[in-house]
Amino acid sequence: MKKIRLGIIGFGNMGTGHYNNIKNGKCPEIEVSAIADINPARIEWARVNLPESVAKFGSAEELLDSGMIDAALISVPHYDHPKYAMECFKRHIHVMVEKPAGVYTKQVREMNEAAAGAGLVFGMMFNQRTDHIYRKMKEIVDSGRYGQIRRTNWLITNWYRPQAYYDSGAWRATWSGEGGGVLLNQCPHQLDLWQWICGMPVEVTAKLSYGQWHDIEVEDDVTAYVKYANGATGVFITSTGDACGTNRFEIVTDGAKLIAENNRLTAYELEVGEPEFSRQNKEPFGCPKGRNIDIETDGKSGQHPEVLNRFAAAILRGEPLIADGTEGIRGLTLSNAMHLSDWLGKTITLPLDEDLFYSELMKRVRTSRRKENINSVVADTSGTYNT
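Residues numbered from 1 in each chain as written. Predicted model: local features only at pLDDT ≥ 70, side-chain atom pairs only at ≥ 80, totals over all residues. Heavy atoms only, no water.

**Q** Sorry if this is basic, but what is going on with the side chain of Gln195 here?
**A** You can see Gln195 is positioned in helix α9 (residues 188-198). A polar contact is formed between the side chain of Gln195 and the side chain of Asp192, at a distance of 3.1 Å. Among residues more than four places away in sequence, those in contact with Gln195 are Arg129, Met200, Arg330, Gly331 and Leu334. (Helix = DSSP H or I, 4+ residues; strand = E, 2+ residues; numbered from the N terminus. Polar contact = N/O pair within 3.5 Å; in protein donor to acceptor, adjacent residues only side chain to side chain. Contact = heavy atoms within 4.5 Å.)

Okay, here's the thing in structure tokens:
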């Protein structure tokens with residue numbers, strides 16, 4: 001069986017995790033032929049712990065120019081995701097990018113345009129799209145069986161992180177190193193799922209707290225309100241400061257309320273949809289009757305290995321990806337809009353003003369704690385972005 005020769009760019013926690021999944025036989029059509037990391041300690045660790053058949057490089061460029069790979073998995077700090085994806089496209093190398101797609105949509109749009117002209121397989125590591133609960137929610141919403149969406153609420157505060165987490169790396173929780181906090185690091189999955197299942201809103205209003213629960217400069221507490229084109233509304237609340245956090249996703253439609261919580265999907269299903277009931281009902285305090293039901297799913301959640309297996313199948317046989325790489329810009333748009341809304345103190349109308357967001361982000365990068373990284377994320381005078 002033909003195998004895809006994969007190079008992993010960035011061999012930290014995520015890169016090592018992907019390597020172990022492949023090593024343990026979870027991705028039978030992929031073999032890791034090379035890894036790259038700019039941290040000498042990680043390369044030394046790889047020399048000791050990885051077989052000689054896996055080449056070790058001290059830079060992404062060396063790996064990409066080696067001729068040893070068919071595809072690359074990019075798992076480096078966020079600002080560099082688009083940069084290395086575009087370097088891959090130049091060399092006709094297929095690409096899988098870890099979340100998020102990048103830090104700012106202007107940069108990600110450039111990556112997407114490069115992908116469109118490359119004719120290569122380009123995937124995004126949105127492994128939560130494989131979860132049986134969220135797949136079933138999308139199936140139900142897309143089917144229209146319960147009518148249109150009226151309200152969405154996601155309380156996702158079970159991302160608790162202690163201070164030691166933020167102290168574990170100089171790049172973490174800084175504007176110049178990470179580009180944001182909980183919205184850029186922990187919540188890209190939920191932001192992607194939110195828009196994947198419910199669609200993109202047209203307005204975003206948000207309040208963010210920076211270093212509310214930790215000694216960091218970026219956001220660790222967020223409350224956002226959105227409005228959809230049909231008049232429906234949504235609320236998204238997240239934090240890394242709740243030691244007893246919650247993950248509860250609700251979608252209210254004309255005919256039911258879907259609830260995803262504790263690895264279970266339930267619905268309160270109305271006997272008569274609210275629009276019809278409201279038209280026909282003659283009682284001032286009448287309310288449509290309904291019933292609580294458990295919604296059956298297939299129980300399968302392939303997670304990271306399934307995303308990589310579908311990536312290999314797309315390369316080898318043209319089969320569909322779990323998430324096309326170009327879709328990463330949508331959840332990032334929500335994140336950027338939330339930041340911009342708080343920075344400017346106003347509602348942001350989509351499509352996003354990408355130049356305005358970038359300008360506001362760079363103000364924060366220039367005063368970031370991680371000053372040694374500032375020059376690598378500020379645009380040069382030619383208008384290109386050195387990331």
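**Q** Quick question: what am I supposed to make of the packing of aromatic side chains here?
**A** For any pair of aromatic rings, the description rests on two quantities: the centre-to-centre distance and the angle between the ring planes. For the coordinates displayed, the defined rule picks out 13 aromatic pairs. Taking 5.3 Å as the distance between ring centres and 85° as the angle between the ring planes, the aromatic pair formed by Phe89 and Phe122 counts as edge-to-face. With Phe89 in helix α4 (residues 80-90) and Phe122 in strand β6 (residues 122-124), this residue pair connects regions lying 33 residues apart in the sequence. There is no split in this pair, since Phe89 and Phe122 are both buried. (Phe/Tyr/Trp six-rings, centres within 6.5 Å; stacked < 30°, edge-to-face > 60°. Buried < 20%, exposed > 50% of the residue type's maximum accessible area, 1.4 Å probe, protein only.)

**Q** Please explain the packing of helix α1 (residues 13-23) against helix α11 (residues 303-317) as it appears in this structure.
**A** If you want to describe how two helices pack, look at the angle between their axes and the distance between the axes. Between α1 and α11, the least distance of the axes is 10 Å, while the angle of their chain directions is 75°. Compared by their axis directions, α1 and α11 come out roughly perpendicular. Contacts between α1 and α11 involve Met14, His18, Asn21 and Ile22 from the former and His304, Pro305 and Leu308 from the latter. Broken down by class, the residue content of the contact of α1 with α11 amounts to four nonpolar, three polar and no charged. (Axes fitted to C-alpha atoms, helices over the stretch in contact; angles between N-to-C directions. Parallel < 35°, antiparallel > 145°, perpendicular 65-115°, else oblique. Nonpolar A, V, L, I, M, F, W, Y, C, P; charged D, E, K, R; others polar.)

**Q** When you look at the sheet that holds strand β8 (residues 203-210) in this model, what are you seeing that I'm missing?
**A** The strands that make up a sheet are held in pairs by hydrogen bonds between backbone atoms, and each pair lies either parallel or antiparallel. One open sheet holds the nine strands; their spatial order is β14-β13-β12-β11-β7-β10-β9-β8-β15, and the pairing between them is mixed. In this open sheet, the two edge strands, each paired with only one partner strand, are β14 (290-294) and β15 (348-349). Relative to strand β13 (residues 264-270), strand β12 (residues 256-261) runs antiparallel, the two sharing six bridges. What sits directly across from Ala256, in β13, is Glu269. Across the sheet, helix α6 (residues 132-143) is in contact with β7 (149-156), β11 (247-253), β12 and β13; its angle to β12 comes to roughly 165°. Along the sheet, helix α12 (residues 328-344) contacts β8, β9 (219-227), β10 (233-239) and β15; its crossing angle with β8, the most-contacted strand, is approximately 70°. (Pairing = 2+ DSSP bridges.)

**Q** Explain the sheet that holds β6 to me, please; I cannot follow it from the model alone.
**A** One open sheet accounts for six strands, arranged β3-β2-β1-β4-β5-β6; its pairing is parallel. Looking at the sheet topology across the chains shown, the edges are occupied by β3 (55-57) and β6. Strand after strand, the sheet turns through a mean of 25° between neighbouring axes, direction not considered. One ladder, built from three bridges, connects strand β2 (residues 30-36) with β3; its direction is parallel. Bridged to Ala36 within β3 is Phe57. Running at roughly 150° to β2, α1 makes contact with β1 (4-9), β2 and β4 (71-74) of the sheet.

**Q** Even after reading the chapter, I still don't get empty space enclosed by the protein, so can you show me in this structure?
**A** To find leftover empty space, one rolls a probe the size of a water molecule over the atoms. One pass over the full model with this rule turns up two cavities of 30 Å³ or more. Space inside the largest cavity adds up to approximately 60 Å³. Looking at the largest cavity, the residues that line it are Pro100, Ala101, Phe126, Leu183, Leu184, Pro188, Leu191, Gly328, Gly331, Leu332 and Ser335. Among the elements of the structure, α8 (182-185), α9 and α12 are those that each provide at least two residues to the lining of the largest cavity. At four residues, the largest contribution of residues to the lining of the largest cavity is made by α12. (1 Å grid on protein atoms, 1.4 Å probe; cavity = no way out; pocket = protein on both sides within 12 Å on 5 of 7 lines; lining within 4 Å. Points joined across faces, edges and corners; volume = space filled by probe spheres on them.)

**Q** Mind showing me how you'd approach the pairing of β7 here?
**A** Sheet topology places β7 next to β11; seven bridges connect them, and they run antiparallel. When the sheet's bridge partners are listed, Ile149 is paired in β11 with Thr253. Across six bridges, β7 lies against β10 in parallel orientation. Paired with Trp154 across the bridge in β10 is Phe236.

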